[in-house]
Amino acid sequence: MAEFLGYKREDGRVGIRNYVGVMSSVTCANSVVQKITEQVEGTLPIMHREGCAQIGVDYEQTVRTLVGLGSHPNLASVLVVGWGCENVLANELAAKIAELKKPVEWFIVQDSGGLLKSIEKGSVIAQRMAREASVLRREPVDLSELVIALQCGGSDTTSGIAANPAVGVMSDMVVKEGGSVILAETTEIIGAEHILARRAVNEEVGNDLIRIVKRFEENAKQMGVDIRGSQPTAGNIAMGLTSIEEKSLGAVMKAGTTPLQEVLEYAFRPTKKGLLVMDTPGRDPESITGMFAAGAQTLVVTTGRGIPTGSMLVPTLKLTGNPKAQKISEEIMDIDASVIVEGKKTIEQVGQELFEEVLAVASGKKTKAEILGLDELSILRAGPTM
Amino acid sequence: MLGEVRGGVILAEKRAIVINENDNVATLIADVTAGEIVLVSREDKEENMTVTQDIKFGHKFAIKPIAIGEEIIKYSEVIGRATAPISVGEHAHVHNIESMRGRGDIKEA
């Protein structure tokens, strides 16, 4: 069995990084979070634009996502900072995170003497948490503890010919070892859903998949618009992708060939292992954040044109099948998949390389995006701003 | 531009990929100009074909004659339908192919 070196957490999951998260419950607290993390080494800011004037399913989705991020296995512990007048409350987030067995503390800026005093207060708390986290050590753990998020961005026709099939080879290897991969971006399943549904472990899971794709397509139809206005994107079309069907058929190659085990709603934790699908939009920041909240410890991004997607919370590996993009953006590509279209290496060889690189990153090797500090996070909204 | 000689045939240097034998389009992995010969690679065979237009890297051309309304096949799956006849070697893209999914602009019968 394949192994990697990870941090065993109290909830039974395994982290591949060991940060103290400092998370805002609301956009207003971001400046305090930013300053605390600039001051205290070993901390990681988790900031977003939501947390206030949200209701119903939109409120629930934001809370679920923040609880998922706050309890993430790549965090040793988390400090939640609220402002004071928002409806996504720091103490409620902290209580939910504590229930999930993650060490957590919280405070409110308005109850702590204001912005500047809160920076001081939070820095003192974070310093103590960072000292505690610094004694934790990596241990050998089974690959079956790994959950890999999959995403593509700035796709072109090489994505479906080279990078995505190579990721598919890696996905099959990971699943064979008992691990999990999450395919997302429901927009990019449209036109390829029958392929995935055929591979569902049972009829219910197959129907779940068809349902999320239909729902997505219906939403576009109800707006009375042609989805082609945004999918494929103008960039995709310029690079030769003709239709959403073509883009999707290339995109689902990332999922490999194993049975589909479970279909997840946005930011929900998986209950199964193996190949999973999460209902997310195609746009990267919202899509990857949903998978992070589900507990994915690492992210693999394929790109045609070379996009800068990355995360500090969830180390991100990138690869492109486009020789031009590889040349221009080598500094953000961890694996060279352009050798596939150049006929220098096979899809299987590059897939194997990627698998080995993912294991190295899981054990502590830094990705190019991580070293450059590329960091994206955005919570998907499910309702209007009030 | 021509390159390697194999089995008495001079193989073109610029390549295009056919992913499945059922496909009626090939994907170019080089910029080509009208009249240029390209090497079309499939899983089991390679053959030279002539493109009839200037076509960019990553774009597709027809490898079989395609009638108006006919399905465009890539990955052995439908990626759209032809809105104009497409002849062998002709650029196949949004100007002569339309998507059939997520079309809120079309009223269902």
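So, how was this worked out
- Residues numbered from 1 in each chain as written.
- Chains lettered and ligands numbered in written order.
- Predicted model: local features only at pLDDT ≥ 70, side-chain atom pairs only at ≥ 80, totals over all residues.
- Heavy atoms only, no water.
- Domains from an automatic or database assignment.
- Contact = heavy atoms within 4.5 Å.
- Buried area = accessible area lost by both parts, 1.4 Å probe.
- Pairing = 2+ DSSP bridges.
- Helix = DSSP H or I, 4+ residues; strand = E, 2+ residues; numbered from the N terminus.
- Axes fitted to C-alpha atoms, helices over the stretch in contact; angles between N-to-C directions.
- Parallel < 35°, antiparallel > 145°, perpendicular 65-115°, else oblique.
- Left-handed = near helix turned anticlockwise from the far one by under 90°.
- Nonpolar A, V, L, I, M, F, W, Y, C, P; charged D, E, K, R; others polar.
- Disulfide = S-S within 2.5 Å.
- Buried < 20%, exposed > 50% of the residue type's maximum accessible area, 1.4 Å probe, protein only.
- Core = buried A, V, L, I, M, F, W, Y, C linked by side-chain atoms within 4.5 Å.

Asks: Help me get a handle on the domain arrangement of chain A, residues and values and all.
Replies: Residue and element names in this part refer to chain A. We note that the domain assignment places domain 1 (19-133) and domain 2 (143-371) within chain A. Spacing between the C-alpha centres of domain 1 and domain 2 amounts to 29 Å. At the junction of the two partners, domain 1 supplies 13 residues and domain 2 supplies 15 residues. Summing both partners gives a buried area of about 1,200 Å² for domain 1 against domain 2, and 63% of it is carried by carbon and sulfur. It is R64, H72 and N74 in domain 1 that bury the most area against domain 2; as a group they hold 37% of the surface buried on that side.

Asks: So what about the pairing of strand β1 (residues 3-8) of chain A? Which residues, and what values?
Replies: Residue and element names in this part refer to chain A. Sheet topology note: the β1/strand β7 (residues 139-142) ladder contains 4 bridges and is antiparallel. What sits directly across from F4, in β7, is V141. Linking β1 back to strand β2 (residues 14-15) in an antiparallel pair, the connection comprises 5 residues, with G12 at a positive phi of about 95°.

Asks: Outline the sheet that holds strand β11 (residues 275-278) of chain A, listing residues and values.
Replies: The strands making up a sheet associate through backbone hydrogen bonding, with each pair oriented either parallel or antiparallel. All names here are of chain A. As summarised here, the arrangement of the 7 strands in space is β10-β11-β9-β8-β12-β13-β14, forming an open sheet in which the pairing is parallel. With one partner strand each, in any of the chains shown, β10 (260-264) and β14 (335-336) form the two edges of the open sheet. Looking at chain direction, strand β8 (residues 147-153) and strand β9 (residues 180-183) are connected through 4 bridges and run parallel. Counterpart to A149 in the pairing with β9 is I182. Those strands touched by helix α7 (residues 203-222) are β10 and β11, and its axis lies near 40° from that of β10.

Asks: Lay out the packing of helix α2 (residues 56-70) of chain A against helix α3 (residues 90-99) of chain A in plain terms, naming residues and giving numbers.
Replies: All names here are of chain A. In the contact formed by α2 and α3, the axes pass within 9 Å of each other and the chain directions differ by 50°. On the basis of their axis angle, the class for α2 and α3 is oblique. Judged by the twist between their axes, the crossing of α2 over α3 is right-handed. Taking contact as the criterion, the partners of Y59, V63, L66, V67 and G70 in α2 are, on α3, E92, L93, K96 and I97. Broken down by class, the residue content of the contact of α2 with α3 amounts to 6 nonpolar, 1 polar and 2 charged.

Asks: Provide a residue-level description of the packing of α2(A) against helix α10 (residues 284-293) of chain A, including the pertinent values.
Replies: To describe two helices that pack against each other, one gives the angle between their axes and the distance between the axes. Residue and element names in this part refer to chain A. Orientation of α2 relative to α10, taken along the N-to-C sense of each, is 60°, at an axis distance of 7 Å. When the axes of α2 and α10 are compared, the pair comes out oblique. For the crossing formed where α2 meets α10, the hand is left-handed. Contacts from T65, G68 and L69 of α2 reach α10 at T289, F292 and A293.

Asks: I'd love a proper account of the state of the cysteines, names of residues and values included.
Replies: In the structure shown here, the tally under the stated rule is 0 disulfides over all chains. A:C28 carries a free sulfur, and the closest cysteine sulfur to it, the one in A:C52, is 5.9 Å from it.

Asks: Kindly report on the side chain of B:H93, identifying the contributing residues and their values.
Replies: Relative to the helices and strands, B:H93 resides in the loop between β10 (91-92) and β11 (97-98). According to the relative accessible area criterion, B:H93 is buried, its value standing at 5%. Those residues in contact with B:H93, other than ones at most four positions away along the chain, are A:I237, A:G240, A:L241, A:T242, B:H59 and B:K60.

Asks: Describe the nonpolar core, and please don't skip the residues or the numbers.
Replies: Residue and element names in this part refer to chain A. Within the largest apolar cluster, 65 residues are counted, with the highest numbers of intra-cluster contacts made by I148, M170, V300 and L354. No other element matches helix α5 (residues 157-176), which puts 8 residues into this core. Counting residues in each nonpolar core, the second largest holds 38 residues, with V63, V78, A184 and I307 among its members.

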